[in-house]
Amino acid sequence: MSHDDLSQHPQHPQRSQQPAFPDDFSTAPYRHVPPPGDAVLDDIDDRFVFDFHAYDDLPDGQRWSTWLSVEPLSRGPEPRPDWVVTSQGAIDTELGVLKTGKEADVHLVERADTRDPTGGVVMAAKRYRSPEHRSFHRSASYTEGRSMKRSRDERAIKRKSTFGRQVAAGEWAVSEWGALVRLWELGLPVPYPVQIDGTEILMEWITVADKDGTVATAPRLAQTRPSPELLAAYFEQLTDALATMVQNGLVHGDLSAYNILAAGERLVVIDLPQIVDLVGNLNGMTFLQRDCANICGWFRSRGLDVDEHALFAELMAHAF
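Residues numbered from 1 in each chain as written. Predicted model: local features only at pLDDT ≥ 70, side-chain atom pairs only at ≥ 80, totals over all residues. Heavy atoms only, no water.

By the definition in use, this model includes 0 disulfides. The structure places no disulfide on Cys 292, whose sulfur is separated from the nearest cysteine sulfur, that of Cys 296, by 6.2 Å. What makes Cys 296 buried here is its relative accessible area of 0%. (Disulfide = S-S within 2.5 Å. Buried < 20%, exposed > 50% of the residue type's maximum accessible area, 1.4 Å probe, protein only.)

Written as structure tokens, this is what we have:
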């Protein structure tokens, strides 16, 4: 049967029987371009008209919240404080540098959802420096007794290769993150750890408010001049915190009045990357003795009669 014969077959109607489409009909799906000059919006209900804003491109100093981009174990322990922002639509805004250091810088970052501006929170973002711009003193003595997940990483660190320095840069952030999580779960006075992403740790911003309600960063203990009553209360708080740490086999390792914040009537311990195992690290006892000497020396300089040897002995009684 020829092509002409098929065109005459009843099951194959001729093209003239196909429906006709207007000349301005577009074959693109869901697309109709009205003729110029038509007032196409006059008959549309205002309830279906809205302003569209694209959020893909954020200005400098802002980024989308990294909360959902990190692994679940890289987020803070539960139950989480009510102020933690977990919205996928939240934006992180840089507010400036809070403190600079040899190993890391601390920035202030606001995380807020544009749909809930009252629910935003300002956090401290501790960012460890790259291997080329940092040098952690006595790092070998602090890391003794620590185990790494991959032996390849451990060998690279010992060889001090380029890859090893990159691994070490993140190892201190991971160490501080683990310490913050563990101490928070023990109920110790440390900033709540919000999340870790690479070499950046987001944590609670410890603040104080003045009589006018102005919020500022809590001062370091070394910057304060507490009354005799508050000074004694501070020392008792610190003794209790150290006792809980040694009961769990932990030593701060670099504790001093510069690594403690005075938030009103309570103390908050910070800077924990060098935390060591009291038994697993051969220098654990030495570090604990030094912590006791540093703390007692500062309290004595403020007029409180304390002894580092007595404090060390009390802590040893809690440890064993």
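Structure's up, so let's keep going.
What follows covers the nonpolar core. Leu 183, Leu 221, Phe 235, Leu 288, Phe 299 and Leu 315 are the most contacted members of the largest nonpolar core, which has 53 residues in total. Among the elements that take part in this core, helix α5 (residues 228-247) stands out by supplying 9 residues, more than any other. Not counting residues within four places of it along the chain, the set of residues in contact with Leu 288 comprises Val 246, Val 251, Leu 278, Phe 312, Leu 315 and Met 316. Counting residues in each nonpolar core, the second largest holds 11 residues, with Trp 67, Ala 90, Tyr 192 and Val 194 among its members. (Core = buried A, V, L, I, M, F, W, Y, C linked by side-chain atoms within 4.5 Å. Helix = DSSP H or I, 4+ residues; strand = E, 2+ residues; numbered from the N terminus. Contact = heavy atoms within 4.5 Å.)

In terms of burial, strand β6 (residues 200-204) is largely enclosed, as 4 of its 5 residues are buried. Sheet analysis places strand β5 (residues 193-197) next to β6, joined by 4 bridges and oriented antiparallel. Looking at the pairing, Pro 193 lines up with Met 203 of β6. Where β5 hands over to β6, the hairpin turn is made up of 2 residues, of which Gly 198 adopts a positive phi near 70 degrees. (Pairing = 2+ DSSP bridges.)

Take the side chain of Thr 93 next. With respect to the element layout, Thr 93 can be found in strand β2 (residues 90-100). For Thr 93, a relative accessible area of 18% puts it in the buried group.

This part is about the sheet that holds β5. What the 6 strands build is an open sheet, ordered β1-β2-β3-β4-β6-β5; its pairing is antiparallel. The open sheet has two edge strands, β1 (62-64) and β5, and neither has a second partner. Strand after strand, the sheet turns through a mean of 30 degrees between neighbouring axes, direction not considered. Bridging between strand β4 (residues 116-128) and β6 involves 5 bridges; their strand directions are antiparallel. Bridged to Arg 127 within β6 is Glu 200. (Axes fitted to C-alpha atoms, helices over the stretch in contact; angles between N-to-C directions.)

Axis separation between α5 and helix α7 (residues 308-319) bottoms out at 8 Å; the angle between their running directions is 40 degrees. One element, α5, and the other, α7, form an angle in the oblique class. In the crossing of α5 with α7, the sense of the turn from one axis to the other is right-handed. The residues of α7 that touch α5, namely those facing Phe 235, Thr 239, Leu 242, Ala 243, Val 246 and Gln 247, are Leu 311, Glu 314, Leu 315, His 318 and Ala 319. Counted by class, the contact of α5 with α7 contains 7 nonpolar, 3 polar and 1 charged residues. (Parallel < 35°, antiparallel > 145°, perpendicular 65-115°, else oblique. Left-handed = near helix turned anticlockwise from the far one by under 90°. Nonpolar A, V, L, I, M, F, W, Y, C, P; charged D, E, K, R; others polar.)

What follows concerns a nonpolar patch on the surface. The grouping of Ile 44, Phe 48 and Val 49 at the surface amounts to a nonpolar patch, some 310 Å² of accessible area in total. One can find Phe 48 in the loop between α1 (3-8) and β1. (Patch = residues over 30% accessible without salt bridge, like charges linked within 9 Å, V, L, I, M, F, W, Y side chains within 5 Å. Areas by Shrake-Rupley, 256 points an atom, 1.4 Å probe, with all protein chains shown as cover. Salt bridge = Lys/Arg side-chain N within 4 Å of Asp/Glu carboxyl O.)

Working definition: two side chains of opposite charge can pair if their charged atoms are close together. Summed over all chains, the structure comprises 10 salt bridges. Asp 92 is the partner of Arg 111 in a salt bridge, and the nearest nitrogen-oxygen pair spans 2.7 Å. Here Arg 111, found in strand β3 (residues 104-113), pairs with Asp 92, found in strand β2; they are 19 residues apart in sequence, far enough to count as distant. The class for Arg 111 is buried, based on a relative accessible area of 0%. Among the ionic pairs, Asp 271 bridges to Lys 126, the shortest N-O distance being 3.1 Å. In this pair, Asp 271 is assigned in the loop between β11 (266-269) and β12 (276-277) and Lys 126 in strand β4, connecting sequence segments 145 residues apart. Pair check on accessibility: Asp 271 and Lys 126 agree, each one buried. Bridged by salt links that share partners, the residues Arg 63, Asp 92, Glu 94, Arg 111, Arg 127 and Glu 200 form one connected network.

Glancing now at the pairing of strand β10 (residues 260-263). What you see with β10 is no split at all: Ile 260 and Ala 262 on one side and Leu 261 and Ala 263 on the other are buried throughout. With 4 bridges connecting them, β10 and β11 associate as antiparallel partners. Considered in β11, the bridge of Ala 262 is made with Leu 267. Hairpin geometry of β10 and β11 is characterised by an intervening segment of 2 residues between the two adjacent antiparallel strands and by a positive phi of about 75 degrees at Gly 264.

With 20 residues, α5 should reach 28 Å at 1.5 Å per residue; the first-to-last C-alpha distance of 29 Å fits that figure. Buried residues of α5: Leu 231, Tyr 234, Phe 235, Leu 238, Thr 239, Ala 241, Leu 242, Ala 243, Met 245 and Val 246, and no others. Backbone geometry just downstream of α5 places Gly 249 in the positive-phi region, at approximately 75 degrees. (Expected span 1.5 Å × (residues − 1).)

The subject of this paragraph is the packing of α5 against helix α6 (residues 284-301). The N-to-C vectors of α5 and α6 enclose an angle of 175 degrees; their axes lie 11 Å apart at closest approach. The orientation of α5 with respect to α6, classified from their angle, is roughly antiparallel. Here Leu 231, Tyr 234, Phe 235, Leu 238 and Val 246 of α5 come into contact with α6, specifically with Leu 288, Ile 295, Cys 296, Trp 298 and Phe 299.

Geometric descriptors of this kind do not, in isolation, establish any biological role.
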